[in-house]
Amino acid sequence: MEGALTARDRVGIQDFVLLDETTEAAFISNLKKRFSKDLIYTYIGTLLVSVNPYKELDIYNKKQMDIYMGVNFFELPPHIYALSDNAYHTMLTEFNNHFILISGESGAGKTEASKKILQYYAVSCPSTNLLNTVRDKMLMSNPVLEAFGNAKTLKNDNSSRFGKYMDIQFNSQGDAVGGHILNYLLEKSRVVHQNHGERNFHIFYQLVEGGSDDLLRQLGLERNCQHYNYLTQGECATVPSINDKNDWKSVKNALQIIDFDEMITNHLFGVVASVLHLGNVQFDTDSKGRAILDKNTELHWVSNLLDVDAHSLQEGLTFRKIEAKMDQVLSPFTVDHAIYARDALAKAIYGQTFTWLVNRINDSMENKDSAQKTVIGLLDIYGFEVFYVNSFEQFCINYCNEKLQQLFIQLTLKSEQEEYEAEGIEWEPVQFFNNKIICDLVEERHRGIISILDEECLRPGDATDLTFLERLEEKMGNHPHFVTHKLADKLTRKTLERGDFRLLHYAGEVTYCVVGFLDKNNDLLYRNIKDLMCQSKNAIVRECFATMETENKRRPETVATQFKCSLLKLTEMLMAKEAWYIRCLKSNESKKPGQFDDALIRHQVKYLGLMEHLRVRRAGFAYRRKYEDFLKRYKPLCPATWPHWRGVPADGVEALAQHLGYLPNEYKMGRTKIFIRHPRTLYATEDAFEKCKHDLATRLQAKYKGYRAKGEFRKQKEAATKIETCWRGVQARKEKEKRAWAVKVIKKFIKGYMTRGQAKTTDNSEYLAFVRQSYLNRLRNNLPKTVLDKTTWLTPPPVLTETSEILRELHYRLMVRKYVRGITPQRKAQLQLKLVTSSIFKGKKESYPQSVPQPFLDTRISDQEINMRILQVIRNEQIKYSVPVIKYDRNGFKPRPRQLILTQTAAYLIEEAKIKQRVLYTSLKGISVSNLTDGIIVFHITCEDPKQKGDLVMQCDHLFEFLTKLSIIANKQNAISVVQGSIKIEIQAGKESAVDFSTGQEPMVYKAKNGHLMVVANRARTR
Ligand SMILES: Nc1ncnc2c1ncn2[C@@H]1O[C@H](COP(=O)(O)OP(=O)(O)OP(=O)(O)O)[C@@H](O)[C@H]1O
Ligand SMILES: [Mg+2]
């Protein structure tokens, strides 16, 4: 209900007890609202109302079962599983017996409901291998009983034509350990007659359609339903919704599971086949109007299959044996009589076999363990039936419903009253209709309808259905619930035929036609046929008729009385159990999904007494709950009870009620429960709770989030610390290993170092290898880059001195090679010249270092710059080099710019077109230069001839280039001397002077006072 309160606006009301108005219109509108959303279940308190959806809903799977398992009835939306589970758990905790009464009209879904319950128990109850077989047998009893007891009717393609009560037995642990079935009033008339659009029991069609060729041959059957009179009266042997062939397989399989061996199965199908053959037995009239058999073939098959004497059978079907004193007289039948006897036999055989089948199934499901067990009974019984013409069957069925309604009233009122008493609340009489008066009308001894019917059946003389009606009129004349054509007032009389009587049942009026009442109640089978059947060698038939005999010998009971007794037994049995109710409603007549036929539903609501039920449930208080539960749900609504009520729960509830402003007549406080009279009081409370729930939820959410976040943070922190610790451990271990390794290596290194000079050991050879490698590595990175670099070579360790030297040589050679390979021929020539220069001047003349990078040119004066005449004169001597010079006169040292041309043989001093002096190389005895930075060159010339000019003093800017070329051309390397101080010169033969050198700020050349040529040179730049 609590679930219902929460969901009430969305899906209608889940519990009718909470309906504001208890009108039929409100009731139906709520049902319709829910049905439109595929919510087929609704409660009236603990009663479950179910509306047939005529379509598969996804609410019967294992997941759903799990949801409902062990959950409080009111917590979840209404479901058949909730009811099943509640019954089961109450049984377990209170260790008492229960039953679930499933009622509703044909096609409303009773059988489906009972199957769903059975499946729920099969899945949800604990089980063992042994129990699994019991469970399978219980489940498998269904297809067998449905094959033999169900048929297609206009209302339902799988209509149960018998009432069924099945006990499921549980041990104290809640295991399903056994089962027992009671069957009620099989509609035997169907065996011989079916209305248009209806079929005989399924098993006949299944056998003909599904049985193997061999089996059909053995049973003398043809695979054609049209061939059998008992199968064709409804003219609908095949139905789209039924697959007889498949069903046949299921039945065969089920029979095996419930321990039917081959022989007994053959006997069973023999009986079924015999009924079909019996239906084809035809009669003719002889000349005296007596019935005779038309053909013997079918009769022979019957006698064959039932294993009885064919002749006796024929006699039994055409003669009646009358016992007169000691004699037996055979009285022949008319054809009608014979047909009656044939049909009676068919019905008897089938009816008895059905009972035998139920007993057999019971044997197979029986639990022989004597330990105490509790049961849950499932009663799948026919609901109220009202047809256009209602006969004996409807009378029995409706009587049955009256009895069950009476049971319901007694049980509900009893439990209500007991609850009030237990709670110490004053009982307030409830206004509702008690149908005991109708039950009495039907069943009262000597005065009830059944008694009168029995009397008429047993009365010698010409009792007929009509005399029965007259007797009823006599006895019931003024009963408020009984009316006939004769007794009715004018207006009512118009609605009644003369052969009708009408009962005002609790659920409404039903008019019964008396025709056939006596026959059906007698259910006569002629003596000789009965005797014959007792002699049958078919085990089933013999057993059935033998029990029938022993029962009948005591006192033959009419059908109605048998039924009445069985109902009495049933109600007695049920009264001792706790009741649960399921009321099934049919949504429409055309078996269509999603259609809700208001009129049809209203009709059923009335006939099932649902409004009555609701009124009884609502009689006093609509809602009651244990104080603890009530407080638990609503305590947030009152500051005194929130968040905890420390006192007695009842006081807490009282405080809550006061706070909510309940008026004194709206509620009562029992011993353990609060009782609330009107749903609206509860709704107001629930609405307040809904509002408050949001606030609470937010607060809880915030708290919970905080709690979660804290937890998460703590966890993360712990994890971080753990990781840190582990990581540190790893690091420390690594460090330790590294250090140990380092110590080892260092030790080894030191030892190696110390013993490096000794004989080879592992330690020192490793050390030395390391030294070598490290030196070589270092050397590789620090090699001199140029040939000139002679200083960067790394000092080798002693072991590598030799190697280092070799490497060094190799490296320099390599560099030289690279260098040499890289230079051009011009450069080579240049360098060769420079080499000569170097050999002459290096380390001697101060300006030499500056000259090294200055490249030497081929000449300083091109041929074009030399006077043509000169060229002509010295044409024969090849010009090798020319350079401008300053020549100093011998007398007075006057500077004169001149060209100096070197040929193969001589040096020419030229002034324009004049050769001023020709110096043959042979006469050039020496060349002097100073050691300073000046460019003065002195040619010492052999001067034997006084005509010859003396030594030549020149100044040349390209001193090194000039002298180098000259030394090569004239082969004068050794003739060049670098002089410190002064150079003596011979001005003429025998006349000497000198050139003096000094250094100063400014370079100067002048004649000094001593008559010498004074040359002041720049001080050499130090690099
Ligand atoms: N809960 C359900 N879900 C889906 N279909 C259902 C349900 N209940 C009943 N039906 C459909 O309705 C048909 C009739 O149901 P069922 O045989 O249980 O009716 P019944 O009340 O036992 O009728 P009868 O009194 O004739 O035996 C089923 O064959 C099935 O097609
Ligand atoms: Mg049924």
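Computed from a predicted model, the values in this text were never measured in an experiment.

(A) Local environment of empty space enclosed by the protein. According to the stated counting rule, one finds seven cavities of 30 Å³ or more in the structure shown. Put simply, the largest cavity is a space of about 70 Å³. Lining the largest cavity are Leu101, Ser103, Phe384, Asn401, Leu404, Gln405, Tyr506, Arg583, Tyr607 and Leu608. Contributing elements (two or more residues each) for the lining of the largest cavity: strand S3 (98-104) and helix H16 (392-423). The biggest single contributor to the lining of the largest cavity is H16, with three residues. Here the residues of the lining of the largest cavity are counted per class, giving six nonpolar, three polar and one charged. Of the pockets and cavities examined, the second largest cavity occupies roughly 50 Å³. Taken together, Leu118, Tyr121, Ala122, Arg135, Met138, Leu139, Ile168 and Ala176 make up the full set of residues lining the second largest cavity. For the lining of the second largest cavity, the secondary structure elements donating two or more residues are helix H5 (110-124) and helix H6 (129-149).

(B) Molecular detail of the site of ligand 1. In the vicinity of ligand 1 lie 17 residues, with Ser106, Lys110, Thr111, Ser159 and Ser160 positioned nearest. Separating an oxygen atom of ligand 1 from a backbone N or O atom of Ala108 is a distance of 3.3 Å. Contact with the protein chains removes 87% of the 620 Å² of surface that ligand 1 exposes when unbound. Elements with a contribution of two residues or more to the shell around ligand 1: H5 and strand S5 (159-160). With three residues, the single largest contributor to the shell around ligand 1 is H5. Within the shell around ligand 1, the residues separate by chemical class into four nonpolar, nine polar and four charged.

(C) Spotlight on a positive patch on the surface. A cluster of basic side chains, namely Lys490, Arg493, Lys494 and Arg498, defines a positive patch on the protein surface. By secondary structure assignment, the location of Arg498 is in the loop between helix H20 (490-493) and strand S14 (500-505). The exposure class assigned to Arg498 is exposed, which follows from its relative accessible area of 65%.

(D) Seen up close, the nonpolar core. Tyr121, Phe204 and Phe501 are the most contacted members of the largest nonpolar core, which totals 206 residues. Tallying contributions element by element places helix H15 (residues 335-365) first for this core, with 15 residues. Once residues lying within four places of it in the same chain are set aside, the contact partners of Phe501 are Phe395, Ile449, Leu469, Leu472, Phe482, Val483, Thr484, Val510, Thr511, Tyr512, Val514 and Phe517. Judged by nonpolar contacts, the second largest core, of 32 residues, contains Leu833, Tyr848, Ile937 and Leu952.

(E) Molecular detail of the environment of Glu474. Within the secondary structure, Glu474 is located in helix H19 (residues 465-476). Of the residues examined, Glu474 reaches a relative accessible area of 57% and is grouped as exposed. When the C-alpha positions of Glu474 and Leu487 are compared, they lie 9.9 Å apart, and in sequence the two are 13 residues distant.

(F) Representation of the coordination of the magnesium ion (ligand 2). Donor atoms from the polypeptide that bind the magnesium ion (ligand 2) are Thr111 (OG1) and Ser160 (OG), placed at 1.9 to 2.0 Å. With Thr111 in helix H5 and Ser160 in strand S5, this residue pair connects regions lying 49 residues apart in the sequence. Of the residues examined, Thr111 reaches a relative accessible area of 13% and is grouped as buried.

(G) Expanded view of the sheet that holds strand S19 (residues 673-676). In spatial order, the strands read S17-S19-S18; together these three strands make up an open sheet with antiparallel pairing. In this open sheet, the two edge strands, each paired with only one partner strand, are strand S17 (623-626) and strand S18 (667-669). Across the sheet, the mean angle from the axis of one strand to that of its neighbour is 15°, orientation sign disregarded. The sheet strands contacting H16 are S17 and S19, and the helix crosses S19 at an angle near 125°. Of the strands in this sheet, S17, S18 and S19 are in contact with helix H27 (residues 627-634), which crosses S17 at around 95°.

(H) Local environment of the pattern of salt bridges. The full count for this structure, using the stated rule, is 49 salt bridges. In this structure, Arg447 and Glu444 form a salt bridge, with 2.8 Å as the shortest nitrogen-oxygen distance. Glu444 sits in the partly exposed class, given a relative accessible area of 29%. Within this structure, Glu455, Glu456, Arg459, Arg471 and Glu474 form a network of salt bridges that share partners.

(I) Summary view of the environment of Leu631. Locating Leu631 in the fold gives a position in helix H27. Taking the C-alpha atoms as reference, Leu631 lies 8.0 Å from Leu656; in sequence the two are 25 residues apart. If sequence neighbours within four positions are ignored, Leu631 has contacts with Thr641, Trp645, Pro649, Gly652, Val653 and Leu656.

(J) Fine view of the pairing of strand S26 (residues 952-955). Burial of S26 is two-sided: the residues Leu952 and Met954 facing one way and the residues Val953 and Gln955 facing the other way are all buried. As paired strands, strand S20 (residues 879-888) and S26 are joined by three bridges and run antiparallel to one another. For Tyr888, the partnering residue across the bridge sits in S26 and is Val953. Pairing of strand S25 (residues 936-941) with S26 involves four bridges; the strand directions are antiparallel. The residue bridging Phe939 from the neighbouring strand is Leu952, located in S26.

(K) Spatial organisation of the packing of helix H13 (residues 297-306) against helix H14 (residues 310-318). Interhelical geometry of H13 versus H14 gives an angle of 115° and a closest axis separation of 9 Å. Seen along the crossing, H13 lies across H14 with a hand that is right-handed. The segment H13 lies against H14, with Leu299, His300, Val302 and Ser303 engaging Ala310, Leu313, Gln314 and Leu317. Of the residues contributing to the contact of H13 with H14, the split by class is five nonpolar, three polar and no charged.

(L) Representation of unusual backbone geometry. Looking along the chain, the bond that leaves Trp642 and enters Pro643 is cis, with omega of 0°. With respect to the helices and strands, the residue Pro643 is situated in the loop between H27 and helix H28 (649-660). Phi is positive for Glu235, which is not a glycine, with a value near 55°. By secondary structure assignment, the location of Glu235 is in the loop between helix H10 (229-232) and helix H11 (244-257).

(M) How the structure looks around the layout of surface pockets. What the second largest pocket holds in volume is close to 1,400 Å³. Lining the second largest pocket are 38 residues, and of these Thr46, Phe74, Glu419, Arg617 and Lys673 lie nearest its centre. Broken down by secondary-structure element, the contributors of at least two residues to the lining of the second largest pocket are helix H4 (80-94), H16, strand S16 (578-585), helix H26 (610-618), S17 and H27. Here the residues of the lining of the second largest pocket sort into 13 nonpolar, seven polar and 18 charged.

(N) Expanded view of the environment of His485. Relative to the helices and strands, His485 resides in the loop between strand S13 (482-484) and H20. Along the sequence, His485 and Arg498 sit 13 residues apart, while their C-alpha atoms lie 5.4 Å from each other.

(O) Representation of the sheet that holds strand S30 (residues 1004-1007) in the model. Strands sit in the order S28-S29-S31-S30 across an open sheet of four strands; the sheet is mixed. Each end of this open sheet is capped by a strand with a single partner; those strands are strand S28 (982-988) and S30. Going across the sheet, the axis of each strand differs from the next one's by a mean of 25°, ignoring polarity. Here six bridges tie strand S29 (residues 991-1000) to strand S31 (residues 1013-1018), and the two strands are oriented parallel to one another. The residue bridging Thr999 from the neighbouring strand is Ala1017, located in S31.

(P) The packing of aromatic side chains, seen in detail. Summed over the entire model, instances satisfying the criterion amount to 38 aromatic pairs. Plain terms: the ring middles of Trp248 and Phe269 are 4.9 Å apart, the flat faces sit at 45° to each other, and that makes the pair tilted. Highlighted residues: Trp248 in helix H11 and Phe269 in helix H12 (residues 262-279), separated in sequence by 21 residues. The interplanar angle of 25° and the centroid separation of 5.8 Å between the aromatic rings of Phe468 and Phe517 together place this pair among those described as stacked. Taken together, the residues span a long stretch of sequence, with Phe468 in helix H19 and Phe517 in helix H21 (residues 517-522) at a distance of 49 residues. No difference in accessibility class separates Phe468 from Phe517, as the two residues are buried. Chaining the aromatic ring pairs together yields one cluster made of Phe392, Phe395, Phe468, Phe482, Phe501, Tyr512 and Phe517.

Procedures and definitions
Residues numbered from 1 in each chain as written. Chains lettered and ligands numbered in written order. Predicted model: local features only at pLDDT ≥ 70, side-chain atom pairs only at ≥ 80, totals over all residues. Heavy atoms only, no water. 1 Å grid on protein atoms, 1.4 Å probe; cavity = no way out; pocket = protein on both sides within 12 Å on 5 of 7 lines; lining within 4 Å. Points joined across faces, edges and corners; volume = space filled by probe spheres on them. Helix = DSSP H or I, 4+ residues; strand = E, 2+ residues; numbered from the N terminus. Nonpolar A, V, L, I, M, F, W, Y, C, P; charged D, E, K, R; others polar. Near = heavy atom within 4 Å. Polar contact = N/O pair within 3.5 Å; in protein donor to acceptor, adjacent residues only side chain to side chain. Areas by Shrake-Rupley, 256 points an atom, 1.4 Å probe, with all protein chains shown as cover. Patch = residues over 30% accessible without salt bridge, like charges linked within 9 Å, V, L, I, M, F, W, Y side chains within 5 Å. Salt bridge = Lys/Arg side-chain N within 4 Å of Asp/Glu carboxyl O. Lys, Arg positive; Asp, Glu negative; His and termini not counted. Charge placed at Lys NZ, Arg CZ, Asp CG, Glu CD. Buried < 20%, exposed > 50% of the residue type's maximum accessible area, 1.4 Å probe, protein only. Core = buried A, V, L, I, M, F, W, Y, C linked by side-chain atoms within 4.5 Å. Contact = heavy atoms within 4.5 Å. Donors = N, O, S within 2.8 Å, 3.2 Å for Na, K, Ca; no water. Pairing = 2+ DSSP bridges. Axes fitted to C-alpha atoms, helices over the stretch in contact; angles between N-to-C directions. Left-handed = near helix turned anticlockwise from the far one by under 90°. Phe/Tyr/Trp six-rings, centres within 6.5 Å; stacked < 30°, edge-to-face > 60°.

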